[in-house]
Amino acid sequence: MRIAIVGGGAAAVALLDSLARLDARPASVTVFEPSARLWSGRAYGPDLDAVRVNAPPVIMSIRHGDQGHYARWLGERAAAHLDERLGVPLVPRALYGEYLHETATAAAARLPVDVRRDRVTGVARRGAELVVRTSGGHEQAVDRMVLCVGSGTPHDLFGLAGTPGYVGDPYPLARTVLDVPRDSKVAVIGSGLTAVDVAVALASAGHAGPITLMSRSGVLPHVWQRPVRHEPRHLTAARLREVRTAGDVARLVRAELDDLGEDFDAFAADLLATPFEDPVVRLRRQLAAIDAPELGRRIVQQAAHTLGPLAWSVLEDRDRLTGAHHRTAVSLSSPMVPVNAVRLDRLLEAGQLTLVRGLSAVVPSDPGFRITATGGGSRADVVVNAVNPPPQAVPEPAASLVASLLAEGLAATAPGGGLEVPAGAPLHVVGDLAAGGTFVTSSIPAVAAQAAATAQALTAQ
């Protein structure tokens, strides 16, 4: 079996690690990754120490079925990054990138891996083989291809690309903060985890000017609570295979909370109030609840990452989570770490940071930008795009390859987004681009689970 892996980020690391641990191994594995971000991807390359991994170690293991893999790798380094509020280490993203790099290196030592720093632009069938073509003019015959191309490109909502003062992609933040004048008025499009990263990075670098997080909803991420060990009895993989609707999932959560003596209706009402409550009030209330004994949020957040892919693949009413309740679901399932929440609160208290709801327009205006939102207009010298890529969107560098796969009949566009692979086709997809993947696009457990299943399928063929 000759395998081509297109993309060299976290999904590729998870796949290599899974392949290396199987008894039956491929004859050759070629990884195609043209960028300088081999193994770390966009999110985990060299950056500021203030930019932390936004999740506890238990859901950051790249090895499926081994939740302690990442924690063991951290070893004694964990003590230097211990978050006192959560009681777990929260490391700089660049250090997590080192974990991915070392995991990939260890897997490559057990596999015949060749890394080509070239972009795959197309593929063609040749009998039972696939012929991979690259931008460098290289052609290579393989038996199977695995797409590990990551998530899509951040969307330029207001067509600002090329405008002086506009930052289309804030990562790496070390570069962004250097490019932003220290006293400038900065407006950040978005209020999710990326926007939080931008605000924290600017403050850590000594930015003295005002910072505004602006979005349509104005909703901030929830705040992680201190982990508490709990083994669900109802919200389990076996039970989730039987669900069909979001209401079915809610009933499992209700049963879980009933067993704990907690009030499901109060928990649900609090979640549904997310878009309407003052985001600063909610932020401070959740900071005060980091050690609260109630387990509702903890249970749902853990399940979103560890069981989310399974639930997402069987739900018949996904539009409820991608429509009216989208921001609430994203805020809950992708919370921020307390250290960042505290920094936001201090910036808000000092008046340096403001939150704006109802964003409707950002227009270049010499000098700077003119912003229109609910409650009036404002101006900014610099605008940073912190909008997350649309779920299951095709990354721009992979557009020609995906077009080729569709033309060759190796994949089809799924009605709900992403790529479907016909039965028997010599193609697999790992990550956000897989149809029926996961609601949490950045979920490491989801990627690791997909990679493990793909490794099994490849070696069984």
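Up top you'll find the structure we're talking about.
Basis of the calculations
- Residues numbered from 1 in each chain as written.
- Predicted model: local features only at pLDDT ≥ 70, side-chain atom pairs only at ≥ 80, totals over all residues.
- Heavy atoms only, no water.
- Helix = DSSP H or I, 4+ residues; strand = E, 2+ residues; numbered from the N terminus.
- Contact = heavy atoms within 4.5 Å.
- Pairing = 2+ DSSP bridges.
- Axes fitted to C-alpha atoms, helices over the stretch in contact; angles between N-to-C directions.
- Phe/Tyr/Trp six-rings, centres within 6.5 Å; stacked < 30°, edge-to-face > 60°.
- Buried < 20%, exposed > 50% of the residue type's maximum accessible area, 1.4 Å probe, protein only.

K.L.:
Help me out: how do you make sense of the environment of Arg 37 in this one?
P.N.:
Locating Arg 37 in the fold gives a position in the loop between strand S2 (28-32) and helix H2 (69-74). Spatially, the C-alpha atoms of Arg 37 and Gly 8 are 7.7 Å apart, while their sequence positions differ by 29 residues. Excluding residues within four positions of it along the chain, Arg 37 makes contact with Gly 8, Arg 42, Arg 117, Tyr 171 and Pro 172.

K.L.:
So what exactly am I meant to see when it comes to the sheet that holds strand S9 (residues 144-147) here?
P.N.:
Within a beta sheet, neighbouring strands are joined by backbone hydrogen bonds and run either parallel or antiparallel to one another. Taken in spatial order, the five strands make up an open sheet running S5-S2-S1-S9-S20, and their pairing is parallel. With one partner strand each, in any of the chains shown, strand S5 (113-116) and strand S20 (427-429) form the two edges of the open sheet. In this sheet, adjacent strand axes meet at a mean angle of 20° when their direction is disregarded. Of the strand pairs in this sheet, strand S1 (residues 2-6) and S9 are connected by four bridges, and their pairing is parallel.

K.L.:
Any chance you could explain the packing of aromatic side chains here in plain terms?
P.N.:
The description of two aromatic rings rests on the distance between their centres and on the angle between their planes. Applying the stated criterion across every chain yields a total of five aromatic pairs. Ring plane angle 80° and centroid distance 5.1 Å describe the contact between Tyr 70 and Tyr 96, whose orientation is recorded as edge-to-face. Of this pair, Tyr 70 sits in helix H2 while Tyr 96 sits in helix H3 (residues 93-108), and the two are 26 residues apart along the sequence. The exposure classification of Tyr 70 matches that of Tyr 96, with both residues buried. On the numbers, 4.8 Å between centres and 50° between planes, the contact of Tyr 70 with Tyr 99 is tilted. Separated by 29 residues along the polypeptide, Tyr 70 in helix H2 and Tyr 99 in helix H3 bring together distant segments of the chain. Here Tyr 70 and Tyr 99 have matching classes, each one buried. Here the aromatic cluster, defined as three or more aromatic residues joined through ring pairs, consists of Tyr 44, Tyr 70, Trp 73, Tyr 96 and Tyr 99.

K.L.:
Looking at this model, I keep getting lost on the environment of Leu 353. Mind explaining?
P.N.:
Mapped onto the fold, Leu 353 is located in strand S13 (residues 353-356). Using a relative accessible area of 3% as the deciding quantity, one classes Leu 353 as buried. When the C-alpha positions of Leu 353 and Gly 122 are compared, they lie 46 Å apart, and in sequence the two are 231 residues distant. Non-local contacts of Leu 353, meaning those with residues more than four positions away in its chain, are made with Ile 211, Leu 213, Leu 344, Leu 347 and Leu 348.

None of this, on its own, says anything about what the molecule does.
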